[in-house]
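Take a look at the letters that make up each chain.
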Amino acid sequence: MLDLKLLQNNFDEIVEKLKKKKIKEEVLKELKRLFVVLKEQKSILETLQSEQNKKSKLFPVYLKEKKDVNELKKELETNKQKITVQQKIVNEIEEELEIYALNIPNIPDDIVPVGKDEDSNVEIKKVLEPKEFDFKPKEHWELGENLDWIDFTRGVKIAQSRFSVLKNDAAKMERALINYMLDFNAKRGFKEVCVPYIVNKESMRGTGQLPKFEDDLFKIEAEELYLIPTAEVPLTNLFRDEILKEEDLPILMSGYTACFRKEAGSAGRDTRGMIRQHQFDKVELVSIAKPEESDKIFDKMVQCASDLLTSLVLPHRLVMLCGGDLGFSAAKTIDLEVWLPGQNKYREISSISNTRDFQARRAKIRYKNNKKNKLVHTLNGSSLAVGRTLIAIMENYQQKDGTVAIPEVLKKYM
RNA sequence: GGACAGGUGGGUGAGUUGGCUGAAACCACAUCCCUGCUAAGGAUGCGUACUGGUAACGGUACCGAGGGUUCGAAUCCCUCCCUGUCCGCCA
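Residues numbered from 1 in each chain as written. Chains lettered and ligands numbered in written order. Predicted model: local features only at pLDDT ≥ 70, side-chain atom pairs only at ≥ 80, totals over all residues. Heavy atoms only, no water.

1. Digging into the domain arrangement of chain A
- Domain boundaries in chain A define domain 1 (4-101) and domain 2 (118-413).
- Put simply, the middle of domain 1 and the middle of domain 2, counted by C-alpha atoms, are 43 Å apart.
- The partner domain 2 presents seven residues to the four residues of domain 1 that form the contact.
- Both faces considered, domain 1 and domain 2 share a buried interface measuring about 400 Å² in area, 40% of it formed by carbon and sulfur atoms.
- Among the residues of domain 1 in contact with domain 2, K20, K21 and E98 are the three that bury the most area, contributing 74% of the side total.
- Summed over the shared surface of domain 1 and domain 2, the number is one salt bridge.
- Of the charged contacts, one joins E98 and R205 as a salt bridge, the two residues approaching to 3.5 Å between their closest N and O atoms.
- For the side of domain 1 that touches domain 2, the residue count by class is no nonpolar, no polar and four charged. (Domains from an automatic or database assignment. Contact = heavy atoms within 4.5 Å. Buried area = accessible area lost by both parts, 1.4 Å probe. Salt bridge = Lys/Arg side-chain N within 4 Å of Asp/Glu carboxyl O. Nonpolar A, V, L, I, M, F, W, Y, C, P; charged D, E, K, R; others polar.)

Below, the structure written as structure tokens:
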């Protein structure tokens, strides 16, 4: 959630910055207006409440002195009715304000490039050169079917489209990758955490999935619970409604979970193969940091994910997302795109974001700083999407005879 | 799922015949005093959010959540959630 006081005081600046995310000035104006109205109405309410409290306290005094209490009572009954009315007014404004506020995305950092979609993303650097093949490299689904590594049709049979089944060495490699990634991240200081795959709506709201993106989530209707779309949700919400000690920061975590996404807006995209599934494995990095150190930690996370790809000898590039491609909660995001020789393209395999205090404000994650409570910064990033890493290995390590070599660093894990 | 017992500030834990209790006491923590060091002792401070004020200092709300009764609720009533114990079930 954005800082409403900041909006109040730096309105023009924020309007300008949120233009990168295609937010209209009118919406922000309305939000600003509601915030002022709420303050006024609340003040009226509090004056009435104050009066009620003061006079109620006269009762025991009157009774003690055996004075007549009826007139006072009548007065307070009238005042109480006013309070009830005013309370309703305040509640309505609060609800309306909340709807506006919770649906406005984070303010992009100044370095975020302007642009409406992924075509305006800016390449920062390339790591490792794509390998030259002396044959035409196949796409992963062809390899997967030929080797009996991926069973697409049975995945659909037992669940739905966009579900698949891994078999043989692919199944083993999926597991090996998870273990390898968690170990790799642990060496960089990201402590391993194992969290639930199901969370409540407070958690979803805390990290920004709700209320705006309900359609993207798998919901367990009867229970008011949701399947997580990423481990970012449980890992970040671990500290929801908590005041952390300054000396405990930064908190660096790494966790493996399955992730579940409806892919509601992706009809027709990547329908072939395993790029875009309703369920996929991912090892995630989440950090909770003091504001002044969050940029440093962001770089550390990007480096960690990039080095992980390098250690698997997978060519990739770093891309700074433009405003239009930036996620709802992010102030700044760098994507890692891995080279897929079969597709002859770089494809997203990791996305690392600094949400600044956006999620912290929603989730009320604070730390004590000189007796004052300050919002932390929260950061998240994939390290890596496991299924896509498997695909990348298949396409990059494929050989002329149609088999796939095992990356050196994975050998002891398989 | 059934039965019972509970949910109070960082922790332990008072307060349930409704009223100067936003909440005793103790511990922890912070600052200061005392002290050769340690230990002990003494003083003061110490919840969160919003809000008024340059500040001093005020106001409102919050005792699991949401409603209700009342002039007034941590205290009474209702609903829900959660925790503990026993039973059932189970990886």
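2. Details of the protein's contact with RNA strand B
- Every one of the 20 residues lining RNA strand B counts as a neighbour, but Q49, S56, F59, K73 and K368 are closest to it.
- Each atom of RNA strand B within 4 Å of the protein belongs either to a base or to sugar and phosphate, the latter forming 73%.
- Side-chain polar atom of Q52 to a sugar or linking oxygen of RNA strand B: 3.3 Å apart, as the coordinates give it.
- The contact in question runs from a phosphate oxygen of RNA strand B to an N or O atom on the side chain of N53, over 3.3 Å.
- At the level of secondary structure, the elements contributing two or more residues to the surface near RNA strand B comprise α3 (25-56), α4 (58-65), α5 (70-102) and β14 (365-369).
- Class assignment for the residues of the surface near RNA strand B results in five nonpolar, six polar and nine charged. (Near = heavy atom within 4 Å. Polar contact = N/O pair within 3.5 Å; in protein donor to acceptor, adjacent residues only side chain to side chain. Helix = DSSP H or I, 4+ residues; strand = E, 2+ residues; numbered from the N terminus.)

3. Comments concerning the sheet that holds β14
- Within the open sheet, the three strands sit side by side as β8-β14-β15. Their pairing is mixed. At either end of the open sheet lies a strand with only one pairing partner, and these are β8 (242-244) and β15 (372-375). When strand polarity is set aside, the average angle formed by the axes of neighbouring strands in this sheet is 40 degrees.
- Across four bridges, the pairing between β14 and β15 is antiparallel. In the sheet register, Y367 faces β15, and the bridge partner there is K374. (Pairing = 2+ DSSP bridges. Axes fitted to C-alpha atoms, helices over the stretch in contact; angles between N-to-C directions.)

4. Concerning the sheet that holds strand β6 (residues 219-220)
- The sheet built from three strands is open, its strands ordered β5-β7-β6 with antiparallel pairing. Each end of this open sheet is capped by a strand with a single partner; those strands are β5 (198-200) and β6.
- The pairing of β5 with strand β7 (residues 225-227) spans three bridges and is antiparallel. If you follow I198 over to β7, its bridge partner there is L227.

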